[in-house]
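Summary of the model geometry
Residues per chain are reported as follows:
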Amino acid sequence: MEYINKVSGKTKVIALIGNPIQHSISPQLHNIINQKLGVDLIYVPFKVNKSELANAVKGLKALNVLGFNITVPYKKEVMKYIDDNIRETFLLGAINTVKNIEGRFYGYNTDGEGFLRSFKEEQGHGFKGKNVLIMGAGGVARPIAVKIALEGAKKISIVNRTVTKAVEIAEVINDNIKNIATAYSFLDETFEKVFRESEIVINTTSVGMYPDVFESPLINVDYFGEGQIVYDVIYNPSKTKFLSDAENKGCKIINGFGMLFYQAIFAYEIWTGIKLNEDFIKEIFEEFLLLTSKIC
Ligand code: NAP
């Protein structure tokens, strides 16, 4: 809390808005970075009720904050209250970061970028020429799917309980990037074949997230194949049942911690204009990992 004592009349503010908000570990991460860099900036979370979202954004502008993050459930809805969203965010369908530039609010999405960076860090390669299955079609699935398509994937299959949402994401990719995406329901007869043929499988559903740690979006664990790369965007618990089942079948597994970390790093760079050096990023990564291992 020594850091808090340094807050002064000159300290700039970054906010986080969402609901619920109390579980978020973003404030710790951003404030660790501020403290280590000695940047006069503080990151503060605010729980905002749905009916107050427009007022909250107006209020943040009136208070002249440097920027803010948006988390569940407002990443899409908040776009209409922003002055300008960078072009790519229309494809990504949501924003998680806003920067105040001379009194105007600009929206960005760093979730997809954070996902890509974490995948490459863990795996040593990206998605060019890959056959990828995405499970889930919610707020986080779309930026991930779009980024993978932009990276040059060969084929993207999207499976969701509500199939119309998977169709919507597939159409965004097919109409704007390349005709490589197909939507499925978990009940489709072809789902097993699609799963087995995918080199990379990504769970973006919330199934298996704390406290429902004994649940998995995949019922039949025999679908996993040795050597498949299996990513779960969930970071709490650090190893979901989905990842544990995959690991038992010889898959390479990656959890959502890296995505959470790198989306925050990209947002920080947008707000401050500071390009964080790689050694510093690694140092913060280890510190944040230690911190979250105590929480998750
Ligand atoms: P969301 O918009 O609410 O989407 C939830 C997804 O899960 C939808 O596809 C939904 O299917 C599916 N789902 C929920 N319950 C299900 C069930 N019982 N059976 C089958 N499918 C089910 O949430 P989101 O924002 O995309 O977040 C999804 C997950 O990503 C959460 O666990 C969140 O914590 C995590 N996340 C991680 C990061 C990170 O940085 N690592 C960032 C953002 C989010 P329907 O469409 O049919 O409802």
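In the block above lies the structure referred to throughout.
All of the points below concern the structure found in this document. (Residues numbered from 1 in each chain as written. Predicted model: local features only at pLDDT ≥ 70, side-chain atom pairs only at ≥ 80, totals over all residues. Heavy atoms only, no water.)

1. Quick notes on the environment of Lys-10
Note the threshold: Helix and strand labels come from DSSP, where a helix needs a run of H or I of at least four residues and a strand needs a run of E of at least two; each type is numbered from the N terminus. Residue burial is assigned from relative accessible area. The probe radius is 1.4 Å, only protein chains are included, and a residue is buried under 20% of its type maximum, exposed over 50%, and partly exposed in between.
Position of Lys-10 relative to the elements: it lies in the segment before strand E1 (12–18). Given the relative accessible area of 68%, Lys-10 is considered exposed. In this structure the C-alpha to C-alpha distance between Lys-10 and Leu-41, which are 31 residues apart in sequence, comes to 8.8 Å.

2. Regarding the sheet that holds strand E4 (residues 84–85)
Using the following cut-off: Being paired, for any two strands, means DSSP has found at least two bridges between them. Contacts between residues were defined by any pair of non-hydrogen atoms, one from each residue, lying within 4.5 Å. Fitting a line to C-alpha atoms yields each axis, with helices limited to the stretch in contact; the angle taken between N-to-C directions then spans 0 to 180 degrees.
Taking strand neighbours across the sheet as the criterion, the six strands line up as E2-E1-E3-E5-E6-E4 in an open arrangement whose pairing is mixed. Pairing within the sheet leaves two strands with one partner each, and these edge strands are strand E2 (41–47) and E4. Here E1 pairs with strand E3 (residues 67–70) via four bridges, running parallel. Paired with Ile-14 across the bridge in E3 is Gly-67. Along the sheet face, helix H1 (residues 26–37) touches E1, E2 and E3 and points at about 170 degrees away from the line of E2. Contacting E1, E3 and strand E6 (104–108), helix H2 (residues 53–62) runs over the sheet at an angle of about 175 degrees to E1.

3. Points about the nonpolar core
Cut-off, in case you're wondering: The nonpolar core is taken to be a set of buried Ala, Val, Leu, Ile, Met, Phe, Trp, Tyr and Cys residues, with the residues joined through side-chain atoms within 4.5 Å. Start and end points for every domain follow an automatic or database-based domain assignment.
Core analysis: the largest hydrophobic core is formed by 33 residues, its most contacted members being Ile-148, Ile-156, Ile-173 and Ile-202. Broken down by secondary-structure element, the contributors of at least two residues to this core are helix H3 (88–92), helix H4 (111–123), strand E7 (131–135), helix H5 (141–150), strand E8 (155–159), helix H6 (163–176), strand E10 (200–203) and strand E11 (229–232). Ranked by residue count, the leading element in this core is H5, at six residues. Residues from two domains meet in this core; each of domain 1 (4–109 + 258–295) and domain 2 (112–255) gives at least three. If near-sequence neighbours (up to four positions away) are discounted, Ile-173 is found in contact with Ala-145, Val-146, Ala-149, Ile-156, Ile-158, Lys-178, Ile-180 and Ala-181. Formed by 26 residues, the second largest nonpolar core is a distinct cluster that contains Tyr-43, Ala-264, Phe-266 and Ile-284.

4. Some thoughts on the site of the ligand
Rule in force here: When at least one non-hydrogen atom of a residue lies within 4 Å of a molecule or strand, that residue is treated as near it. The term polar contact refers here to a pair of N or O atoms within 3.5 Å; inside protein, the definition further demands a hydrogen-donor-capable atom paired with an acceptor-capable atom, and it admits residues adjacent in sequence only when both atoms are side-chain atoms. Accessible surface is estimated by sampling points in the Shrake-Rupley manner with a 1.4 Å probe; for residues, cover comes only from the protein chains shown. In this classification, Asp, Glu, Lys and Arg are treated as charged, Ala, Val, Leu, Ile, Met, Phe, Trp, Tyr, Cys and Pro as nonpolar, and every other residue, Gly included, as polar.
Close contacts around the ligand come from 22 residues, with Gly-139, Asn-160, Thr-162, Lys-165 and Val-233 the closest. One nitrogen or oxygen atom from the main chain of Gly-139 is found 2.8 Å from an oxygen atom belonging to the ligand. Arg-161 is positioned with one of its side-chain polar atoms (N or O) 2.9 Å from an oxygen atom of the ligand. Coverage of the ligand by the protein chains reaches 76% of its 920 Å² of free accessible surface. Its residues assigned to classes, the shell around the ligand shows 10 nonpolar, nine polar and three charged. Per-domain counts for the shell around the ligand show at least three residues from each of domain 1 (4–109 + 258–295) and domain 2 (112–255).

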